[in-house]
Amino acid sequence: MEHIQPQPSAAAATLDLSVGGMTCASCVMRVERALKNVPGVQNVSVNLATESARIVATGGEDMALRLRRAVRAAGYEPRAESAAQDEAAALSPWHGFGPVAIGLALSIPLMAPMLGDLIGQSWMLPPWVQLLLATPVQFWLGARFYRAGWHAAKALTGNMDLLVALGTSAAYGLSLWLWWRAATGEHAGHGMVPHLYFEASAVVITLVLLGKWLEARAKRQATSAIRALQQLRPEVAHLIDARGKESDVPLAEVMVGDRLAVRPGERVPADARVLEGQSEVDESMLTGEPLPVAKNPGDALTGGAVNGDGRMVIEVRAVGAESVLARIIRLVEDAQAAKAPIQRMVDQVAAVFVPVVLVIALLTFGGWMFAGAGVETALIHAVAVLVIACPCALGLATPVAVMAGTGVAAKHGILIKDARALEIAHRVDTVAFDKTGTLTVGRPVLTALLPAAGALANENDLLATAASLQGGSEHPLARAVLTAAAERGVQAPPLGAMQAMPGRGVRGEVNGATWAIASLRWCRELDAMPAEADIERLQSQGATVSALLRFDDAGSAHVQALLAFADEPKPQAAEAIRTLRARGLRVVMISGDNLRAAQAMAARLGIPAEDVRADVLPADKAEQVSALRKNGHVVAMVGDGANDAPALAAADVGIAMAPSGGGTDVAMEAAGITLMRGDLALVAEALELSGRTVAKIRQNLFWAFAYNVAGIPLAAFGLLSPVVAGAAMALSSVSVMANALLLRRWKPKHQQQQH
């Protein structure tokens, strides 16, 4: 898992590195410190749950090598595991269980005397048998703790491995000393067997290994969303050559522009558009949309979707890293590798955790010795303190919840780009929506073209001129003009010099004269306003009004026609807004339309008139969002276009809509959350999932701290044996993982209602 992603700065690059051998939050701190000491490194984020490091650095081609050396020098193993290995591991639920099974086989006989005491039986094993059983566990299965603990000690830091190595070594060494004393002391040769603690050292190591194995299984479950997405890529594609002959080629050899055949039941191999055939396509793994979507010639297809019962011929539009599926996987990986803001507090605790535990263990030993308990009792209680301390639960509490939350979100069509957005979204109290394409269908139609008094051309000629001006534009209103011209069979004349005026309109040369399609704002600036009565009548119906202007030789503009456009609200928009307002959220609509038209649409959607921001230029949307954030309000901005990107970035949480699984790259990059289909109900669902994930983070941190705050004093006062302490330590990490994985059961409420 090692790849470089280009960044806006040409001098800096982001490198992801897998790191093996990390066991607790202290390990995270050590790896981060080692990587930060490499010259050229600007920023480092290490994630325990994904066992990965993300480094932003400048430097030459040898930077990756230097980073790997730094990780190895710190006592950890830089890895570059293949996806195939990861998937193979995930397929076997017992992967990695071998050491645990050996530990159990060797430790259970050592536990027999303890079990026998419960039923009045004496099953005490001879000391030499206990030694033979415990030694392989201590020095073979437990070798990983010695290696990692030694690296930590050399670096003058501590980690979970050091605590386990010290605690179990003390129990093992105490057993040897007690056996030697019994064999050479005054009772030697009388057959008296002292109580030894071999079972404590062996069982603790076995329980910790069992806990680590359960953690690894849980991590594979938490990352199942990424593996499921990776498996959407078919291995081969059916390439159609110039003669129409089909041949199977590896997916890696498919290029943009290739024609491919997609047979019934197959996955679409790449982003494409339909050339021939009709079918229904299941895009649920990409968008969360449960129902198949009809596809006809000209429609877009997303790679990874499942074809229905129709055969299609498609033209490839994007492959590899540029495909929608690759971007989705990249976003989910980024989110799962990122460190949530709350993790900073945990890192500060982890930095001092192990040294504090070592001091408490020494004080425990000294306190029991001072109380006259003897070396054996004092040492066993100190061992219990070392063993029950659990920095691994602290390190896993936040990242595993983030992994589970982002994974289940992706499954339902909600892509969370970073952990910060996930952590903040539940605090949102104001949701601002862009109007066109977000709250509305985004396919406005030209409902009226009213020639002005004294117009120099008839209605069809005016429509032809308007179509000429809009010929090169992708704006929804431009498409409406072109569609109306096509429906009437009007031929647009050639367009000369053209100038786009963002937020105002377009100006160009048509048939030797200068014309413009202008917003009312631009009309006012040009002192060329249409009749107010006509404007009011159209706007009261919710129409967006523009004017067709002609400039005379002196440069003055004259109104030639009014153009009225109508756009319908999305079918689920009103219900989605009701849901948000029912949760106590303020809903604001931001529109470039004039106030009357915007308020007419807001009334249909259930948005109060006072929460409408009208006549807003694209460049000014970010200012509107910043104004809403004043006085401590937490604002989410929802938009779908490139001109929404500044506003998405200005919000506390930017939410980009990606209709039909496509979306706008610029909006997706600016937003913290991307909705993979244009269903506005997902806005409330994203906010709710954020709340659930943060709740899991807090629960996990509570239990991680509670285990240590309660367990360490109990062990220090002699109320816990090392075996019970070891079990509690293993259970703490497993319970944190299991609690976070409950998030995988989450489903959007509106889907539950449908079912």
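About the criteria used
- Each chain has its residues counted from 1, following the order in which its sequence is written.
- Thresholds applied to this predicted model are a pLDDT of at least 70 for local features of residues and 80 or more for the giving and counting of side-chain atom pairs; totals over whole chains, interfaces and linings are not thresholded and use all residues.
- Values shown for side chains rest on all heavy atoms present in the structure; no hydrogens or waters enter the calculation.
- Working definition: helices are DSSP H or I runs of at least four residues, strands are E runs of at least two. Numbering for both runs from the N terminus.
- Only protein chains enter the area calculation, which uses a 1.4 Å probe; residues under 20% of their type maximum are buried, those over 50% are exposed, and those in between are partly exposed.
- We call two residues in contact when some of their heavy atoms are within 4.5 Å.
- Note on areas: Shrake-Rupley, 1.4 Å probe, and residue coverage restricted to the protein chains presented here.
- Basic side-chain nitrogens of Lys or Arg form a salt bridge, by our definition, when they fall within 4 Å of a carboxyl oxygen of Asp or Glu.
- Both cavities and pockets are sets of points on a 1 Å grid over the protein atoms alone; in a cavity a 1.4 Å probe fits but cannot get out, in a pocket the set is open with protein on both sides within 12 Å along at least five of seven lines, and lining residues sit with an atom within 4 Å of a point.
- Grid points are joined across faces, edges and corners, and a volume is the space filled by probe spheres set on the points.
- Polarity classes work like this: nonpolar for Ala, Val, Leu, Ile, Met, Phe, Trp, Tyr, Cys and Pro, charged for Asp, Glu, Lys and Arg, and polar for all others, with Gly in that last group.
- Strand pairing follows a simple DSSP-based rule, namely that at least 2 bridges must link the two strands.
- Axis lines are fitted through C-alpha atoms, for helices just across the contact stretch, and the angle between N-to-C directions can take any value from 0 to 180 degrees.
- Here the expected length of a helix is defined as 1.5 Å per residue gap, with one fewer gap than residues.
- The predictor rates its confidence in each residue with pLDDT, a number between 0 and 100.
- UniProt positions are given in the numbering used here, feature names are shortened, and annotations may be inferred rather than shown by experiment.
- Only buried residues count toward a nonpolar core. Its members are Ala, Val, Leu, Ile, Met, Phe, Trp, Tyr and Cys residues joined through side-chain atoms within 4.5 Å.
- Side-chain rings of Phe, Tyr and Trp, where Trp is taken by its six-membered ring, are said to pair if the distance between their centres is within 6.5 Å; with planes under 30 degrees apart they count as stacked, over 60 as edge-to-face, and otherwise as tilted.
- Either the NZ atom of lysine or the CZ atom of arginine qualifies as a charge over a ring when it sits within 6 Å of the ring centre and within 35 degrees of the ring normal.
- Roughly parallel covers angles under 35 degrees, roughly antiparallel covers those over 145, roughly perpendicular covers 65 to 115, and oblique covers all other angles.
- Nitrogen and oxygen atoms within 3.5 Å of one another constitute a polar contact, given that in protein one can donate a hydrogen and the other can accept it, and given that sequence-neighbouring residues count only through two side-chain atoms.
- Each patch is built from residues lacking any salt bridge and having more than 30% relative accessible area; the joining distance is 9 Å for like charges and 5 Å for nonpolar side chains (Val, Leu, Ile, Met, Phe, Trp, Tyr).

**Quick look at the overall build of the protein chain**
- Along its length, the protein chain carries 28 helices and 27 strands.
- Within the span of the protein chain, comprising 755 residues, buried residues form 52% of the whole.
- Put simply, 69% of the contacts in the protein chain that link residues at least 6 apart link residues at least 24 apart.
- For the protein chain, the exposed surface amounts to about 32700 Å²; the carbon and sulfur share of it is 58%.

**Side note on the pattern of salt bridges**
- A full pass over the atoms with the stated rule returns 17 salt bridges.
- The partner of Arg596 in a salt bridge is Glu532, and the shortest N-O contact between them spans 3.3 Å. Residue Arg596 is found in helix 22 (residues 595-605), and its partner Glu532 is found in helix 20 (residues 532-540); the two are separated by 64 residues along the sequence.
- With a closest N to O distance of 3.7 Å, Arg537 and Asp534 form a salt bridge. Of this pair, Arg537 and Asp534 both sit in helix 20, separated by three residues, roughly a single helical turn.
- Sharing partners across several salt bridges, the network here consists of Glu246, Arg263 and Arg311.

**Structural notes on empty space enclosed by the protein**
- For the coordinates displayed, the defined rule picks out two cavities of 30 Å³ or more.
- Size it by volume and the second largest cavity reaches roughly 40 Å³.
- Surrounding the second largest cavity, Met160, Val208, Gly211, Lys212, Glu215, Met729, Ala730 and Ser733 form its lining.
- Residue assignment for the lining of the second largest cavity shows that the elements contributing at least two residues are helix 8 (198-222) and helix 27 (722-741).
- Considering only residue class, the lining of the second largest cavity consists of four nonpolar, two polar and two charged.

**Quick look at the pairing of strand 8 (residues 259-262)**
- Bridge analysis of strand 6 (residues 236-240) against strand 8 gives three bridges, and the strand direction is antiparallel. Looking at the pairing, His238 lines up with Ala261 of strand 8.
- One ladder, built from four bridges, connects strand 8 with strand 14 (residues 312-318); its direction is antiparallel. When the sheet's bridge partners are listed, Leu260 is paired in strand 14 with Ile314.

**Overview of the sheet that holds strand 17 (residues 445-451)**
- One open sheet holds the six strands; their spatial order is 17-22-21-20-19-18, and the pairing between them is antiparallel. The open sheet is flanked by strand 17 and strand 18 (495-501), the only strands paired with a single partner. Taking each pair of neighbouring strands and ignoring which way they run, the sheet shows an average axis angle of 20°.
- Bridge count between strand 17 and strand 22 (residues 557-566): six bridges; the pairing is antiparallel. Looking at strand 22, one finds that Val445 is bridged to Ala566.
- Contacts from helix 18 (residues 476-488) reach strand 17, strand 21 (544-551) and strand 22 within the one sheet, and its direction differs from that of strand 22 by about 90°.

**Considerations on the sheet that holds strand 11 (residues 293-295)**
- An order of 11-10-13 is seen for the three strands of this open sheet, with the pairing classed as antiparallel. At either end of the open sheet lies a strand with only one pairing partner, and these are strand 11 and strand 13 (306-307).
- Where strand 10 (residues 279-282) lies against strand 13, two bridges are found, and the strand directions are antiparallel. Note that in strand 13 the partner of Val281 across the bridge is Asn307.

**Considerations on helix 18**
- In this model helix 18 runs 19 Å from its N-terminal to its C-terminal C-alpha over 13 residues, within 8% of the 18 Å that 1.5 Å per residue would give.
- For helix 18, the complete set of buried residues consists of Pro476, Leu477, Ala478, Ala480, Val481, Ala484 and Ala485.
- Residues of helix 18 that are buried make contact with helix 16 (435-439), strand 17, helix 17 (459-470), strand 21 and strand 22.
- After helix 18 finishes, the residue Gly489 shows a positive phi value of roughly 70°.

**Here we look at the confidence of the model for the protein chain**
- Taken over all residues, the pLDDT of the protein chain has a mean of 82, while the share at 70 or more is 89%.
- This model gives residues 81-90 a pLDDT under 50, and the stretch forms 10 contacts once residues within four places in sequence are excluded.
- Throughout residues 660-664 the model reports pLDDT below 50, and contacts reaching past four residues in sequence, or to other chains, amount to 13 contacts.

**Side note on the UniProt feature "transmembrane region" (unreviewed entry) in the protein chain**
- Residues annotated by UniProt as "transmembrane region" (unreviewed entry) correspond here to residues 128-146, 158-180, 192-211, 349-371, 383-410, 701-720 and 726-743.
- For residues 701-720, helix accounts for 80% and strand for 0%, while the C-alpha atoms at its two ends are 23 Å apart.
- Strand forms 0% of residues 726-743 and helix 89%; the C-alpha atoms that close the span are 27 Å apart.

**Here we look at the nonpolar core**
- One finds Leu35 and Ile55 to be the most contacted residues of the largest nonpolar core, which totals 138 residues.
- Ranked by residues supplied to this core, first place goes to helix 26 (residues 681-716) with 12 residues.
- For Ile55, the residues in contact, after removing those within four places along its chain, are Ala13, Thr14, Leu15, Leu17, Leu35, Val41, Asn43, Val44 and Leu67.
- If you look at the next biggest cluster of nonpolar residues, it comprises 29 residues, including Val262, Val268, Ala272 and Val281.

**Section: the environment of Ala602**
- Looking at where Ala602 falls in the secondary structure, it is placed in helix 22.
- Spatially, the C-alpha atoms of Ala602 and Gly542 are 9.3 Å apart, while their sequence positions differ by 60 residues.

**Quick look at the packing of aromatic side chains**
- Here the structure, examined in full by the defined rule, presents five aromatic pairs.
- Centroid distance Phe702 to Trp703: 5.3 Å. Interplanar angle 75°. Geometry classified as edge-to-face.
- Classification of Phe702 by relative accessible area gives exposed; the value is 51%.
- Among the aromatic side chains, those forming a connected cluster through ring pairs are Phe139, Tyr146, Tyr172 and Phe198.
- Between Arg507 and the ring centre of Phe551, over which it is positioned, the NZ or CZ distance is 4.2 Å.

**Points about the packing of helix 5 (residues 127-141) against helix 6 (residues 143-154)**
- In the contact formed by helix 5 and helix 6, the axes pass within 4 Å of each other and the chain directions differ by 40°. Between helix 5 and helix 6, the angle is such that the two are oblique. Contacts between helix 5 and helix 6 pair Gln138, Phe139, Trp140 and Leu141 from the former with Ala143, Arg144, Phe145 and Tyr146 from the latter.
- Of the residues belonging to the contact of helix 5 with helix 6, the class tally is six nonpolar, one polar and one charged.

**Concerning the side chain of Asn700**
- The topology assignment puts Asn700 in helix 26.
- Overall, the relative accessible area of 0% leaves Asn700 in the buried class.
- Within the local environment of Asn700, its side chain forms a polar contact with the backbone oxygen of Val736, the two atoms lying 3.5 Å apart.
- In this view, Asn700 contacts Ala397, Val400, Ala401, Val736, Asn739 and Ala740; residues no more than four positions away in its chain are not counted.

**Some details on a nonpolar patch on the surface**
- Together, Trp177, Trp180, Met369 and Val375 line one region of the surface with nonpolar side chains, adding up to about 400 Å² of accessible area.
- Its relative accessible area of 54% is what places Trp180 among the exposed residues.

**Re unusual backbone geometry**
- Of note, Asp527 is a non-glycine position whose phi angle comes to about 60°, a positive value.
- As for its placement among the helices and strands, Asp527 is situated in the loop between helix 19 (520-525) and helix 20.
- The backbone of Asn631 sits at a positive phi, close to 65°, despite the residue not being glycine.
- With respect to the helices and strands, Asn631 occurs in the loop between helix 23 (621-628) and strand 25 (635-639).

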